[in-house]
Every structure is written in C-alpha cells, then in structure tokens.
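The residues making up each chain are set out below.
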Amino acid sequence: ETGVTQTPRHLVMGMTNKKSLKCEQHLGHNAMYWYKQSAKKPLELMFVYNFKEQTENNSVPSRFSPECPNSSHLFLHLHTLQPEDSALYLCASSQDLLGANQPQHFGDGTRLSIL
Amino acid sequence: AQSVTQPDIHITVSEGASLELRCNYSYGATPYLFWYVQSPGQGLQLLLKYFSGDTLVQGIKGFEAEFKRSQSSFNLRKPSVHWSDAAEYFCAVGAENGANNLFFGTGTRLTVIP
C-alpha cells in the first residue's frame, strides 16, 4: 500500500474512444505527477500539479488532458489516442515540488492498450 | 541537463550471491539521487535516497548505495540477494533547486536464479 491509488489498473480502448484515468493519494501531499512508462525507455514526466495548479507540461499532445480538482485527486482525460500511446501510466505524489527530503510516491499504474 | 545512465539492461544472479547495479548521472550541481524498484504489475517503490551527508546510504530490504562524486556514480548493492528481489530497478536524479523533474534511467532488470 503506497498511499497512491490508480484506477483502472487496465484499460483497452479504441482510437476514437474517450476515457479517463484516475489517481487518488491519501498522503496529504500537495504535488501530483503523471508519468508515461514505455518499454525500454526512461519514465517520461508528462504533467505536474502543485496545490492544484499545473506547473509542468512536457510538450504532451493535446489528446492528453489533465485535471486536478483538489490536491488529493488527479485525472488524465484521454481522447483520440494513437497506438504509440499504449504504455503504463503512473501517477505519483510528493509533499511539495521535488526538493530536500521529498521523494515521490508512486501508484501501481494503469496499463493502457490502444487498439 | 540532467541524465542518468544504467549500463546494464539485464542482470542475472544466483540467490545468496552479492549484487551491484550501476548508475551514472550527469548533473552540474549537487544531485539528489534515488533508487526505485518496480515489481511486475506494480508501481515504483522507493528503496533509498541521497541528499547530502554520509555517502553510504542504507535503504529498505537490505539495500545500500554509495555516492561517489568523483565518478558521478550511485551504485546500488546488496550483500545477499533473495528470490523476491527479482524486479526492475531504476536510478533517478533530481535537481537541488527544487525543480520538479526527476530524471530516470532506463532501468536494470534483475533475475534471481535458485
């Protein structure tokens, strides 16, 4: 139990579908992150939120749309995805933005497959 | 720019043998260094971290890592590997200045044979 819960664990969708990934953290943290993990590639940071405000968007295509309604919840809305978007999407949280003694805590991820 | 290199894609060791996973980083200032482990179907779990002070840091599950500034390395070690240690291991470097990016290596997959 990491304190970061992601749902669903697995998602299969067509390229024309719209779906959302959900992340919830029970750690009282203020910063939340979305990462993409593809085979044989380093984790790619997608988005960062601090106190519900987006502080980082690493040139992510607009077919990925994040939403952070409060410091405990983070969503990733998906629409018209491409096959290369198939990956494991990891959510993480930290007390605040990375700094001294503030490691990130990860959820178990959502395995996304695009047909 | 920060970067992390894990030169070994896959390592196989016998149960009970010692283990060392290599990590080299590139960063101009004082780095924050992390090792994470990922078991199949799960997210990343923090094993240990280095921010400052003693260059030999102890982590969970009997792991330790040593920061060597002269070699830009932060290798992970364990004196006796257990079958449950089979997983993927990621080294990461973070910025000292509070920036919110962690830079990860591509990972090393550890196989443990009986």
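Source: prediction; values computed, not measured.

Draft legend 1. Main features of the confidence of the model for chain A. Per-residue pLDDT for chain A averages 90, and the proportion of residues at 70 or more is 96%. Considering each helix and strand of chain A separately, the mean pLDDT is smallest for strand β6 (residues 53-57) of chain A, with a value of 80, and largest for strand β3 (residues 18-25) of chain A, with 97.

Draft legend 2. Region of the structure containing the nonpolar core. Residue and element names in this part refer to chain B. Ranked by size, the top nonpolar core spans 27 residues in total, and within it L19, W35, L47, L48, F74, L76 and Y89 carry the most contacts. Mapped onto this core, the elements with two or more residues apiece are β2 (10-14), β3 (19-21), β5 (32-38), β6 (44-50), β8 (64-68), β9 (73-78), β10 (87-94) and β12 (108-113). The greatest single-element share of this core, amounting to four residues, is contributed by β10. Among residues more than four places away in sequence, those in contact with L48 are L33, F34, W35, V57, Q58, G59, F63, E64, A65, F74 and L76.

Draft legend 3. Quick peek at the packing of aromatic side chains. All names here are of chain B. Under the definition given, this model contains 14 aromatic pairs over all chains. Taking 5.7 Å as the distance between ring centres and 80° as the angle between the ring planes, the aromatic pair formed by F34 and F51 counts as edge-to-face. Remark: F51 occurs in the loop between β6 and β7 (56-58) and F34 occurs in strand β5; sequence separation between them is 17 residues. In this structure F51 comes out as buried when scored by relative accessible area, which is 11%. Relative to F104, the ring of Y36 lies with its centre 5.9 Å away and its plane at 45°, an arrangement referred to as tilted. On the criterion of sequence distance, the pair formed by Y36 in strand β5 and F104 in strand β11 (residues 102-104) is long-range, its members being 68 residues apart.

Draft legend 4. Local environment of the pattern of salt bridges. In total, this model carries seven salt bridges over all chains according to the counting rule given. Two residues, A:E44 and A:K41, come together in a salt bridge whose shortest N-O distance is 3.4 Å. Assessed through its relative accessible area of 40%, A:K41 is described here as partly exposed. A salt bridge links A:D85 to A:R63, with the shortest nitrogen-to-oxygen separation between them at 2.7 Å. Of the two residues, A:D85 sits in the loop between β8 (73-79) and β9 (87-94) while A:R63 sits in the loop between β6 and β7 (64-70), which places them 22 residues apart along the sequence. Among the residues examined, A:D85 registers a relative accessible area of 2% and is labelled buried. Each of the salt bridges in this network shares a partner with another, and the network as a whole consists of B:E64, B:E66 and B:R77.

Thresholds applied
- Residues numbered from 1 in each chain as written.
- Chains lettered and ligands numbered in written order.
- Predicted model: local features only at pLDDT ≥ 70, side-chain atom pairs only at ≥ 80, totals over all residues.
- Heavy atoms only, no water.
- pLDDT = per-residue confidence, 0-100.
- Helix = DSSP H or I, 4+ residues; strand = E, 2+ residues; numbered from the N terminus.
- Core = buried A, V, L, I, M, F, W, Y, C linked by side-chain atoms within 4.5 Å.
- Buried < 20%, exposed > 50% of the residue type's maximum accessible area, 1.4 Å probe, protein only.
- Contact = heavy atoms within 4.5 Å.
- Phe/Tyr/Trp six-rings, centres within 6.5 Å; stacked < 30°, edge-to-face > 60°.
- Salt bridge = Lys/Arg side-chain N within 4 Å of Asp/Glu carboxyl O.

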